[in-house]
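# Coordinates in review
The chain contents come next:
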Amino acid sequence: MVATSNISVHKRPGSRISEIDFNDLPFGREVTDHMFIAEYKNGEWTDLRIVPYGKLQLSPASPAIHYGQSIFEGLKAYADVKSNDALLFRPLDNLKRLNVSGERMGMPVVLKKCSWMACVH
């Protein structure tokens, strides 16, 4: 079981949010300050972490390079106007679509079962 509290978070020194024009947000041009990364080793997802947005290190033997094996699933988050909390839009549906796509491609399941408090591999 993986609790969300077990995901390490490393924040970047300063936010870029003041640079964003929220009245003009063209799709695919602005990125977040952070990204989620996990490693798949020995049949399980490990080393779950949120890190500052940056370049990815990719093995030259990566199937994504050789066979185009990759999946994009865009989870959406919005700021709550009253509390300024991040609100996720249907995250469990995103997880389900990600796993269905992965199964079709012969890729390992990310999480088999997930509730709001914990996820099970």
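Okay, so let's go over this structure. (Residues numbered from 1 in each chain as written. Predicted model: local features only at pLDDT ≥ 70, side-chain atom pairs only at ≥ 80, totals over all residues. Heavy atoms only, no water.)

Of the regular secondary structure elements, the protein chain holds 2 helices and 8 strands. Along the protein chain, helices and strands appear, N-terminal first, in the series β-β-β-β-α-β-β-α-β-β. When the 121 residues of the protein chain are sorted by exposure, 15% land in the buried category. Within the protein chain, residue pairs in contact and separated by at least 24 positions form 34% of the contacts whose partners lie at least 6 positions apart. Of the roughly 10100 Å² of accessible surface on the protein chain, a fraction of 57% belongs to carbon and sulfur atoms. (Helix = DSSP H or I, 4+ residues; strand = E, 2+ residues; numbered from the N terminus. Buried < 20%, exposed > 50% of the residue type's maximum accessible area, 1.4 Å probe, protein only. Contact = heavy atoms within 4.5 Å. Areas by Shrake-Rupley, 256 points an atom, 1.4 Å probe, with all protein chains shown as cover.)

Residue position: Leu87 is located in strand β6 (residues 86-89). The class for Leu87 is partly exposed, based on a relative accessible area of 41%. Separated by 11 residues in sequence, Leu87 and Lys76 have C-alpha atoms that sit 8.4 Å apart. In this structure, Leu87 is in contact with Lys76, Ala77, Tyr78 and Asp80, ignoring residues within four places of it in sequence.

Our focus in this paragraph is the environment of Ala38. Note on placement: Ala38 falls in strand β3 (residues 34-41). Accessibility expressed as a relative area gives 23% for Ala38, which makes it partly exposed. A sequence separation of 31 residues divides Ala38 from Ile7, and the C-alpha atoms of the two residues are 9.6 Å apart. Sequence-distant contacts of Ala38, that is, excluding residues within four places in its chain, are made with Trp45, Thr46, Asp47, Leu48 and Arg49.

Pairing of β3 with strand β4 (residues 44-52) involves 7 bridges; the strand directions are antiparallel. Across the sheet, Phe36 pairs through a bridge with Ile50, a residue of β4. What sits between β3 and β4 in their antiparallel hairpin is a turn of 2 residues, with Asn42 showing a positive phi close to 50°. (Pairing = 2+ DSSP bridges.)

Spatially, the 3 strands line up as an open sheet ordered β2-β4-β3, and their pairing is mixed. Where the open sheet ends on each side, the last strands, each with one partner, are β2 (8-9) and β3.

Another point: the pattern of salt bridges. Taken as a whole, this structure holds 6 salt bridges when the rule is applied. Between Glu19 and Arg16 there is a salt bridge, with the nearest N and O atoms lying 4.0 Å from each other. According to the relative accessible area criterion, Glu19 is exposed, its value standing at 57%. Note that Arg49 and Asp47 form a salt bridge whose closest N and O atoms lie 3.1 Å from each other. (Salt bridge = Lys/Arg side-chain N within 4 Å of Asp/Glu carboxyl O.)

Another aspect to go through is the environment of His10. With respect to the helices, strands and loops of the structure, His10 is situated in the loop between β2 and β3. For the pair formed by His10 and Val51, sequence separation is 41 residues and the distance between their alpha carbons is 4.9 Å. Contact partners of His10, with chain neighbours within four places excluded, come to His34, Ile50, Val51 and Pro52.

To continue, consider the pairing of β4. Pairing geometry for β2 and β4, over 2 bridges, is parallel. Bridging from a neighbouring strand, Val9 pairs with Ile50 of β4.

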